[in-house]
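Breakdown of the fold
Each chain, letter by letter, is given below.
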Amino acid sequence: MECVFGLVGDGFALVAADSSAVNSILVHKSNEDKIMILDSHKLLGASGEAGDRVQFTEYIQKNVHLYEFRNGIPLSTAAAANFTRGELAQALRKSPYSVNILLAGYDKDIGPSLYYIDYIATLHKVDKGAFGYGSFFSLSMMDRHYHSGMSLKEAVDLVDKCIVEIRTRLVVSPPNFVIKIVDKDGAREYAWRETIKDAEVPTA
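Structure report, in brief. (Residues numbered from 1 in each chain as written. Predicted model: local features only at pLDDT ≥ 70, side-chain atom pairs only at ≥ 80, totals over all residues. Heavy atoms only, no water.)

**What to know about the packing of helix 1 (residues 50-71) against helix 2 (residues 77-92)**
Here helix 1 crosses helix 2 at 135 degrees, and the two axes come no closer than 11 Å. One finds that helix 1 runs oblique with respect to helix 2. Taken as a pair, helix 1 and helix 2 cross one another with a handedness that is right-handed. Counted together, Phe56, Tyr59, Ile60 and Asn63 of helix 1 and Phe83, Thr84, Glu87 and Leu88 of helix 2 form the full contact between these two elements. (Axes fitted to C-alpha atoms, helices over the stretch in contact; angles between N-to-C directions. Helix = DSSP H or I, 4+ residues; strand = E, 2+ residues; numbered from the N terminus. Parallel < 35°, antiparallel > 145°, perpendicular 65-115°, else oblique. Left-handed = near helix turned anticlockwise from the far one by under 90°. Contact = heavy atoms within 4.5 Å.)

**Some words on the pattern of salt bridges**
Tallied over the full model, the rule gives twelve salt bridges. Between Lys34 and Asp18 there is a salt bridge, and its shortest N-O distance comes to 2.9 Å. Here Asp18 lies in strand 2 (residues 12-18) and Lys34 lies in the loop between strand 4 (26-29) and strand 5 (35-39), a separation of 16 residues in the sequence. Considered together, Lys34 and Asp18 belong to a single accessibility category, that of buried residues. Residue Lys42 is joined to Asp39 by a salt bridge in which the shortest nitrogen-to-oxygen separation is 2.9 Å. Judged by relative accessible area, Lys42 falls into the buried class, the value being 3%. On the basis of relative accessibility, which here comes to 8%, the residue Asp39 falls in the buried class. One salt-bridge network, held together by shared partners, links Glu2, Asp18 and Lys34. (Salt bridge = Lys/Arg side-chain N within 4 Å of Asp/Glu carboxyl O. Buried < 20%, exposed > 50% of the residue type's maximum accessible area, 1.4 Å probe, protein only.)

In structure tokens, the structure reads:
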């Protein structure tokens, strides 16, 4: 029951995701970080099959770094989104990845942006977006409360509303969420919203 959602505010973009690693009826862990920091000013939130998600996001991250090392300049957020979309489209004809992506970034001349990329390589620039079963609730909350130019406090309040709605309405709701933001100061973890913590493994 994965949930990844994000939005663009006044001078920043925000991505939130659940942190449950689940297979069938088993929860393996509840602190899995599904939002990768691509580079200093980009975030990549992903949902989908665990193997595809980890493999594909790491592949994108390493190629974004490789481009910067080779050329001396980083990819813009739009360029990174188009590269990601191209790799998904190419894989779609061979061995498709079951992964959906929200790519957020901040460019000096453009400001914050958010890109929606699904598993069949659809790419669209959006102000707000979501994937997973939680999207049924988070999208409706964002349709009701989102407005352009939101402050960070307003955006985090809206994310908290979405999390509460998901926990209340989704039949098997994830307990923990991570929130990350990207702005002119870079991409970073903002907060966790936890209801349970993984138990410590006892030492012999």
